[in-house]
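Tertiary structure, described
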Amino acid sequence: MLNPDSNAVKLALASAGVFFLSGLLTGVWKYAHMARTPAAQAPAYVDIAHRAALFYSFAALLIAVFAGLSAWSETVNFWAAAAPLAFFALAIGGYVLHGLLGDTDNQFRRPHRIGPVALPRHGLLVFMLALCVAEIGGFLVLFAGVLRGFQWI
């Protein structure tokens, strides 16, 4: 049974709700583009924002379950959940920003830009490395906590 008083679980569930609502709202935005363009297609990052928000909402639910079952302390579970959730939110926000600005159909194309602003040469690489560490590392901590609770490790 998940601990409803766990701050890690609360954070993950609240994030799931925000991400899912974002997915629904970006779905309306996507449809509006599709309905008014001859190709019936939304810009790339409007579509990406919509799909990512929906996918991340379910990933946040998985994090809530793992945080709720983890044998680690509340503090460890909270930060292990918060790290990937923060990067999920940053990714969705970045996709929405690119969708609003209509500045690219590939954020990895060089030079990396947000609207008219060029990003530092290695800025996206540093962000992606931090994302990998936070998302994979945070989940590994929670997964290990669940396995520890099963007394498998």
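Reference entry: report on the structure contained in this document. These numbers come from a predicted model, not from an experiment.

Right, let's talk about the nonpolar core for a bit. One finds Phe 19, Tyr 56, Ile 63, Leu 85 and Leu 142 to be the most contacted residues of the largest nonpolar core, which totals 24 residues. Elements that contribute at least two residues to this core include exactly helix H1 (7–36), helix H2 (44–69), helix H3 (74–101) and helix H4 (123–149). For this core, the element with the highest residue contribution is H2, accounting for ten residues. Ignoring sequence-local partners within four residues, the contact set of Leu 142 consists of Ile 63, Phe 66, Ala 67, Ser 70, Asn 77, Ala 80 and Ala 81.

Helix packing geometry: the angle between the two helix axes and the distance between the axes. Two elements in contact, H2 and H4, have axes whose closest approach is 8 Å; the angle formed by their N-to-C orientations is 40°. As judged from the angle between their axes, H2 and H4 are oblique. Judged by the sense of rotation from one axis to the other, the crossing of H2 with H4 is left-handed. Mapping the contact onto sequence places Tyr 56, Leu 62, Ile 63, Phe 66, Ala 67 and Leu 69 in H2 and Glu 135, Phe 139, Leu 142, Phe 143, Gly 145 and Val 146 in H4.

A separate point is the layout of surface pockets. By volume, the largest pocket amounts to about 320 Å³. Looking at the largest pocket, it is lined by 17 residues, and the ones nearest its centre are Leu 90, Gly 94, Gln 107, Leu 124 and Phe 127. Elements with a minimum of two residues in the lining of the largest pocket: H3, strand E1 (113–114) and H4. Split by residue class, the lining of the largest pocket holds eleven nonpolar, five polar and one charged.

Conventions and cut-offs
- Residues numbered from 1 in each chain as written.
- Predicted model: local features only at pLDDT ≥ 70, side-chain atom pairs only at ≥ 80, totals over all residues.
- Heavy atoms only, no water.
- Core = buried A, V, L, I, M, F, W, Y, C linked by side-chain atoms within 4.5 Å.
- Buried < 20%, exposed > 50% of the residue type's maximum accessible area, 1.4 Å probe, protein only.
- Helix = DSSP H or I, 4+ residues; strand = E, 2+ residues; numbered from the N terminus.
- Contact = heavy atoms within 4.5 Å.
- Axes fitted to C-alpha atoms, helices over the stretch in contact; angles between N-to-C directions.
- Parallel < 35°, antiparallel > 145°, perpendicular 65-115°, else oblique.
- Left-handed = near helix turned anticlockwise from the far one by under 90°.
- 1 Å grid on protein atoms, 1.4 Å probe; cavity = no way out; pocket = protein on both sides within 12 Å on 5 of 7 lines; lining within 4 Å.
- Points joined across faces, edges and corners; volume = space filled by probe spheres on them.
- Nonpolar A, V, L, I, M, F, W, Y, C, P; charged D, E, K, R; others polar.

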